[in-house]
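# Architecture and fold: a report
Chain by chain, the residues run as shown.
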Amino acid sequence: MIYLQLFWTYLKIGIFGFGGGYAMLSMIQFEVVDNQGWMTIEEFADIVALSQMTPGPVSINIATFIGYTVGGFWGSMVATAAIVMPSLLLLFFVLRFLFKNKENYIVKTTLSSMKPVIAGLIFVAALMMMNAESFADAGLHGSNISVIICAVSFVATYFAKINPILLIIASGLVGYLVY
Amino acid sequence: MRTVWQLFVTFFNIGAFTLGGGYAMLDMIERAVVDRRHWIGKDEFWDMITIVQMLPGVFAVNTALYTGYKIKGVWGAIAACLGAIIPSIVIILVIAVFFLEYKDNPIVERIFRGIRPCVVALILSPSIKMLINAKVNWKTAISPIATVCLIYFFRVSPVYIIIATIIGSLAFAFYSQNRLNKSKS
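In this text the structure is predicted, and so the values were computed from the model without any measurement. (Residues numbered from 1 in each chain as written. Chains lettered and ligands numbered in written order. Predicted model: local features only at pLDDT ≥ 70, side-chain atom pairs only at ≥ 80, totals over all residues. Heavy atoms only, no water.)

On to the interface of chain A and chain B, then. Taken together, the contact between chain A and chain B spans 97 residues of the former and 91 residues of the latter. Together chain A and chain B conceal approximately 8,700 Å² of surface at their shared face, both sides included; 80% is due to carbon and sulfur atoms. In this structure, the connection of chain A to chain B is made through three salt bridges. In this structure, R116 of chain B and D46 of chain A form a salt bridge, with 2.8 Å as the shortest nitrogen-oxygen distance. Across the contact surface, chain A and chain B share 12 residue pairs in polar contact (both at pLDDT 80 or more). (Contact = heavy atoms within 4.5 Å. Buried area = accessible area lost by both parts, 1.4 Å probe. Salt bridge = Lys/Arg side-chain N within 4 Å of Asp/Glu carboxyl O. Polar contact = N/O pair within 3.5 Å; in protein donor to acceptor, adjacent residues only side chain to side chain.)

In structure tokens:
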């Protein structure tokens, strides 16, 4: 039952998705590509790119997109509802507890000591996409170009803080011209 | 009722016109609910954001939920949340229909072959920022390295890693609080 699987997959992501959209990416990738085999890693990377270029919360865009790809219109509704639902339920719990304990030592220390793991989670998402299909399928020449695109984009986003959407458009243009 | 509708419209606009996800939306949300509508104070807003940042789930959705709740209770929360996600759903559905239709087109394929390495770079960048932000040194580097190895080589589900991390971090927090209390007394 595809809807049930989509629901359960996205419910897990909504519950355990600490550390923002990028950290969630490795979780989504693991579930959707490795665990369920719903799509290839390349298709996943394409969905991530399109979701980043589209207005609105990127994780919602990805959920809707994957839901649609896997289960059509109702698939997209199920995936999106499932990722939002834990947040809605958590609202009441958090309002009671966390707002009163804003400066709580335990809460603060716990969350700050999770950060290194979250950094690792994000890194894995990038690492998994650096596979042979994305980086070397046209022999040495083609692989060089992907590596160059990746390196230049990294410098552009990390150091020069150039808008990611511009980078995606520019890389697409380069891909169109060289391949 | 009027405020609930206004919340929906406000967040709908933000969802429809902000590119770049949660953190980019934050600025727009502040301008709308603090500066323009005066629904909540600036300090109150940023205090709330500090907490919302710690929560699991989609940051923009959480921000909408808590802002909506603060302003108009449960219905406010639901209206703001729906407003924030409906534009995404509609726009993505349109894009998805076209993408699935044309993804095997040779031109589209060439464009996406160029885009994929760029996506890798766009994900690498925040992971390195996060490492620096977490002040990882040679001693604490073990946890991100273990995370990467467990998922990449041993295909351990990130969900288990998150659960283990929460338990470990909680234990560490209680332990260091105890030590702090002892050294005080």
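Take the nonpolar core next. One recurring pattern in soluble globular proteins: nonpolar side chains tend to sit buried together. Membership of the largest hydrophobic core comes to 107 residues, with the highest contact counts inside it found for Y10 and I66 of chain A. The element contributing the most residues to this core is helix α4 (residues 59–102) of chain B, with 17 residues. Sequence-distant contacts of I66 of chain A, that is, excluding residues within four places in its chain, are made with Y10, I28, V32, M39, F44 and I47 of chain A. (Core = buried A, V, L, I, M, F, W, Y, C linked by side-chain atoms within 4.5 Å. Buried < 20%, exposed > 50% of the residue type's maximum accessible area, 1.4 Å probe, protein only. Helix = DSSP H or I, 4+ residues; strand = E, 2+ residues; numbered from the N terminus.)

So, on to the domain arrangement of chain B. Annotation of chain B at the domain level lists domain 1 (2–102), domain 2 (106–135) and domain 3 (137–185). The C-alpha centroid of domain 3 of chain B is placed 26 Å from the C-alpha centroid of domain 2 of chain B. (Domains from an automatic or database assignment.)

For the structure shown, the criterion picks out 10 aromatic pairs over all chains. Seen from their ring centres, F73 of chain A and W74 of chain A are 5.0 Å apart, and the 75° between their planes marks the pair as edge-to-face. Given the relative accessible area of 40%, F73 of chain A is considered partly exposed. The exposed category is assigned to W74 of chain A, whose relative accessible area is 55%. When the ring of F98 of chain B is compared with that of Y102 of chain B, the centres are 6.5 Å apart and the planes differ by 10°; the resulting orientation is stacked. One end of the pair, F98 of chain B, and the other, Y102 of chain B, are both in helix α4, four residues apart, so they sit about a helical turn from each other. Given a relative accessible area of 44%, Y102 of chain B falls into the partly exposed group. The ring of Y179 of chain A carries R113 of chain B above its face, with NZ or CZ at 3.8 Å from the centroid. (Phe/Tyr/Trp six-rings, centres within 6.5 Å; stacked < 30°, edge-to-face > 60°. Lys NZ or Arg CZ within 6 Å of the ring centre and 35° of its normal.)

Residue and element names in this part refer to chain B. Non-glycine residue H38 carries a positive phi angle of around 55°. Turning to its location among the elements, H38 is positioned in the loop between α2 (22–36) and α3 (42–52). The exposed category is assigned to H38, whose relative accessible area is 61%. The residue K135 is not glycine, and still its phi comes out positive at about 50°. Position of K135 among the secondary structure elements: in the loop between α5 (106–133) and α6 (142–152).

A word on the environment of F65 of chain A. Mapping F65 of chain A onto the fold places it in helix α4 (residues 58–97). With 24 residues separating them along the chain, F65 of chain A and L89 of chain A place their C-alpha atoms 24 Å apart. Not counting residues within four places of it along the chain, the set of residues in contact with F65 of chain A comprises I47, L50 and S51 of chain A together with I92, I95, A96 and F99 of chain B.

This part takes up the environment of V84 of chain A. Mapped onto the elements, V84 of chain A comes out in helix α4. Distance from V84 of chain A to L11 of chain A, taken between C-alpha atoms, is 8.1 Å for residues 73 residues apart in sequence. Apart from residues lying up to four places away in sequence, V84 of chain A is in contact with I60 of chain A together with V61, C81 and I85 of chain B.

This brings us to a nonpolar patch on the surface. Residue and element names in this part refer to chain A. On the surface, M1, I2, Y3, L4, F73 and W74 cluster together to form a nonpolar patch covering roughly 670 Å² of accessible area. Among the elements of the structure, α1 (2–16) and α4 are those that each provide at least two residues to the nonpolar patch. The biggest single contributor to the nonpolar patch is α1, with three residues. Mapped onto the secondary structure, M1 falls in the segment before α1. Its relative accessible area of 69% is what places M1 among the exposed residues. (Patch = residues over 30% accessible without salt bridge, like charges linked within 9 Å, V, L, I, M, F, W, Y side chains within 5 Å. Areas by Shrake-Rupley, 256 points an atom, 1.4 Å probe, with all protein chains shown as cover.)

Attention now moves to the packing of α1 of chain A against α4 of chain A. All names here are of chain A. Running from N to C, α1 and α4 point in directions that differ by 40°, and their axes come no closer than 8 Å. Judged by the angle between their axes, α1 and α4 are oblique. For the element pair α1 and α4, the recorded crossing hand is right-handed. Of the residues belonging to the contact of α1 with α4, the class tally is 19 nonpolar, four polar and no charged. (Axes fitted to C-alpha atoms, helices over the stretch in contact; angles between N-to-C directions. Parallel < 35°, antiparallel > 145°, perpendicular 65-115°, else oblique. Left-handed = near helix turned anticlockwise from the far one by under 90°. Nonpolar A, V, L, I, M, F, W, Y, C, P; charged D, E, K, R; others polar.)

Think of a ball as big as a water molecule: rolled over the atoms, this probe shows where empty space is left. The tally for this structure, following the rule as stated, stands at one cavity of 30 Å³ or more. In this model, the largest cavity occupies a volume close to 30 Å³. Looking at the largest cavity, the residues that line it are M39, E43, I47, F65 and T69 of chain A together with F99, L100 and K103 of chain B. For the lining of the largest cavity, the elements supplying multiple residues, two or more each, are α3 (41–53) and α4 of chain A together with α4 of chain B. Of the residues contributing to the lining of the largest cavity, the split by class is five nonpolar, one polar and two charged. (1 Å grid on protein atoms, 1.4 Å probe; cavity = no way out; pocket = protein on both sides within 12 Å on 5 of 7 lines; lining within 4 Å. Points joined across faces, edges and corners; volume = space filled by probe spheres on them.)

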